[in-house]
Amino acid sequence: MAARAGRKLVVDVHSHLYPTAYIDLLKKRTDIPYVRPFPPTNQLCLCNRPPQNTSKTSADAATTSKVPPGRILHPHYYDVSEKLAFMDHHQIDISVLSLGNPWLDFLPAETAASIAVEINDATNDICLPHADRLFFFGALPLSGGESIILAEIARLSTLEQARGIVMGTGGLGDGLDDPQLIPIYRALADAHLPIFLHPNYGLPGPVWGSRGGDYGQILPLSLGFTMETTIALTRLFLSGAFDAVPELQIIVAHSGGCLPFLAGRVEACIEHDKTWEAQGKLTSDRTTLWHALRNNIYLDGVIFDKVGLRTAIEASGVDRVMFGTDHPFFAPLDGGKTFPAMTLNRDAVRDVFPEGEDATKDADGNSNDGYDLVMGENAVRVLKLR
Ligand code: URA
Ligand code: ZN
């Protein structure tokens, strides 16, 4: 689609939608994840991840607390017209939708294949009437076994609006460094489907201490989510997955968690590790984390400030960072229409690339504005949105 007159395309690569078929599935459940009415208003509440500040892990948590055990399920979680209204209000031209966490992780093996087909087809159908504005990252039936996962990857590559897959940090149940994931990574790379890597599980409850509950969701969402991603991706890197599948591409949520900031320390720890040395892995031509950051890893821009964004750009390069909002999470508490997750993340890009200053030159010597690259051009190029 053409950007509105006078400005370049704005693309949101971190934008969630829960199709109604998925919500209906969660309504039938009593264990997390579930959807159920929350008293006294009986508004529907989406509880999509374990409580991090209490030992309760089931729907019982909802009955003993005044605070809903998750998010009130406003229509912007599932209604595409709300998504489009959000995009129009914030001048977002294109969104790449992803099923929100915890995706299909919880499904029993027997139903994983059919539900993945249902949810991915439903999402493709949601996008199709707005084919120049809505694309999506599909969800994989990770509990279904290798052949079922590979079949869904093959199918996704035929769906008009699919541009990758969304995945959590659990993988097949043993993390992203699991060798059993290599055939999956290879199939995704061969199909040119990047992984959108997103956290859900956070860190173990005791990390937050006995007063963790006093701080609401602040610690798990700001630090738990980001450390979860950082650890998962570092494990993937250390396992050699990028050597096994050099074409593997991963778009990492929340600007890569802490990875851009900590990559130097990870590298130093590798260089000083006796076990690594004894395994003969300290070769001069080994793949470094810096190499992976610049060749296999893309970072979204959902970091809310110029300091983090600048670090992300420094680590992966200005052509590998892509704007996002995390809509509909981070809705304004006052119920207003303007989401700070839009304005803060956009302003961070502008702070890093002040108006009128060229950020880089491409291979042909043409100057590109870093603001335009991060706000949309990178996503259009990488995800083939035109
Ligand atoms: N952002 C998400 O994407 N998921 C959550 O559960 C919370 C914030
Ligand atoms: Zn998100």
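Each value, and the rule that gives it
- Residues numbered from 1 in each chain as written.
- Chains lettered and ligands numbered in written order.
- Predicted model: local features only at pLDDT ≥ 70, side-chain atom pairs only at ≥ 80, totals over all residues.
- Heavy atoms only, no water.
- Helix = DSSP H or I, 4+ residues; strand = E, 2+ residues; numbered from the N terminus.
- Rg over C-alpha atoms; globule rule 2.2 N^0.38 Å.
- Buried < 20%, exposed > 50% of the residue type's maximum accessible area, 1.4 Å probe, protein only.
- Contact = heavy atoms within 4.5 Å.
- Areas by Shrake-Rupley, 256 points an atom, 1.4 Å probe, with all protein chains shown as cover.
- Lys, Arg positive; Asp, Glu negative; His and termini not counted.
- Charge placed at Lys NZ, Arg CZ, Asp CG, Glu CD.
- Axes fitted to C-alpha atoms, helices over the stretch in contact; angles between N-to-C directions.
- Parallel < 35°, antiparallel > 145°, perpendicular 65-115°, else oblique.
- Nonpolar A, V, L, I, M, F, W, Y, C, P; charged D, E, K, R; others polar.
- Pairing = 2+ DSSP bridges.
- Near = heavy atom within 4 Å.
- Polar contact = N/O pair within 3.5 Å; in protein donor to acceptor, adjacent residues only side chain to side chain.
- 1 Å grid on protein atoms, 1.4 Å probe; cavity = no way out; pocket = protein on both sides within 12 Å on 5 of 7 lines; lining within 4 Å.
- Sits in = over half its atoms within 2 Å of the grid points.
- Salt bridge = Lys/Arg side-chain N within 4 Å of Asp/Glu carboxyl O.
- UniProt positions renumbered as here; feature names shortened; annotations may be inferred.
- Points joined across faces, edges and corners; volume = space filled by probe spheres on them.

By the naming in an unreviewed UniProt entry, the protein is Amidohydrolase-related domain-containing protein, taken from Sporothrix eucalyptigena.

(A) Local environment of the overall build of the protein. Within the protein one finds 14 helices and 13 strands. The C-alpha radius of gyration of the protein comes to 20 Å, within 12% of the 21 Å expected for a compact globule of 386 residues. Its C-alpha atoms put the protein at 60 × 60 × 45 Å along the principal axes. The burial tally for the protein puts 50% of its 386 residues in the buried class. Long-range pairs, those at least 24 residues apart, make up 73% of the contacts in the protein with a sequence separation of at least 6. Here the protein displays about 16900 Å² of accessible surface, and carbon together with sulfur accounts for 55% of that area. Side chains of the protein carry 33 positive and 46 negative charges; the gap between the two charge centres is 4 Å.

(B) Fine view of the packing of helix α5 (residues 146-156) against helix α6 (residues 182-190). Orientation of α5 relative to α6, taken along the N-to-C sense of each, is 10 degrees, at an axis distance of 10 Å. Taken together, the axes of α5 and α6 are roughly parallel relative to one another. Contacts between α5 and α6 involve E146, I149, L150 and I153 from the first element and P183, I184, A187 and L188 from the second. Looking at the contact of α5 with α6 residue by residue, the class counts come to 7 nonpolar, no polar and 1 charged.

(C) Spatial organisation of the sheet that holds strand β11 (residues 321-322). With respect to topology, 8 strands assemble into an open sheet ordered β1-β5-β6-β7-β8-β9-β10-β11, the strand pairing being parallel. This sheet does not close on itself; its edge strands, each paired only once, are β1 (11-16) and β11. As paired strands, strand β5 (residues 94-98) and strand β6 (residues 134-139) are joined by 4 bridges and run parallel to one another. If you follow S95 over to β6, its bridge partner there is L134. In this fold helix α4 (residues 109-127) packs onto β5, β6 and β7 (162-167), with an angle of close to 175 degrees to the strand it touches most, β6. Where helix α7 (residues 218-238) meets the sheet, it contacts β8 (195-197), β9 (250-252) and β10 (297-300), and its direction lies at approximately 155 degrees from that of β9.

(D) Just the site of ligand 1, in detail. By nearness alone, every residue bordering ligand 1 is listed as H16, N48, R49, R71, N101, H198, L221, F225, D326 and F329. R49 has a polar side-chain atom sitting 3.4 Å from an oxygen atom of ligand 1. N101 is positioned with one of its side-chain polar atoms (N or O) 2.8 Å from a nitrogen atom of ligand 1. Taken by itself ligand 1 offers 240 Å² of open surface, and the protein chains cover 100% of this. The site holding ligand 1 turns out to be the second largest pocket. By residue class, the composition of the shell around ligand 1 is 3 nonpolar, 4 polar and 3 charged.

(E) Main features of the pattern of salt bridges. Applying the stated rule across the entire model yields 12 salt bridges. The shortest N-O distance in the salt bridge between D88 and R133 comes to 2.8 Å. Here R133 lies in the loop between α4 and β6 and D88 lies in helix α3 (residues 80-89), a separation of 45 residues in the sequence. In this structure R133 comes out as buried when scored by relative accessible area, which is 12%. Across the pair R155 and D121 runs a salt bridge, and its minimum N-O distance is 3.0 Å. Placement of R155 in helix α5 and of D121 in helix α4 is noted, with a sequence separation of 34 residues between them. Taking relative accessible area as the criterion, R155 reaches 23% and is therefore assigned partly exposed.

(F) Representation of the UniProt feature "domain: Amidohydrolase-related" (unreviewed entry) in the protein within the structure. Following the UniProt record, one finds the feature "domain: Amidohydrolase-related" (unreviewed entry) at residues 106-345. Secondary structure across residues 106-345 divides into 44% helix and 10% strand, with the first and last C-alpha atoms of the span separated by 31 Å.

(G) Region of the structure containing the layout of surface pockets. Its volume calculated, the second largest pocket comes out at about 350 Å³. In terms of lining, the second largest pocket is formed by 18 residues, of which the most central are L221, S222, T226, H254 and F330. Take the lining of the second largest pocket: its biggest share by element is 4 residues, from α7. Per-class residue counts for the lining of the second largest pocket are 8 nonpolar, 7 polar and 3 charged.

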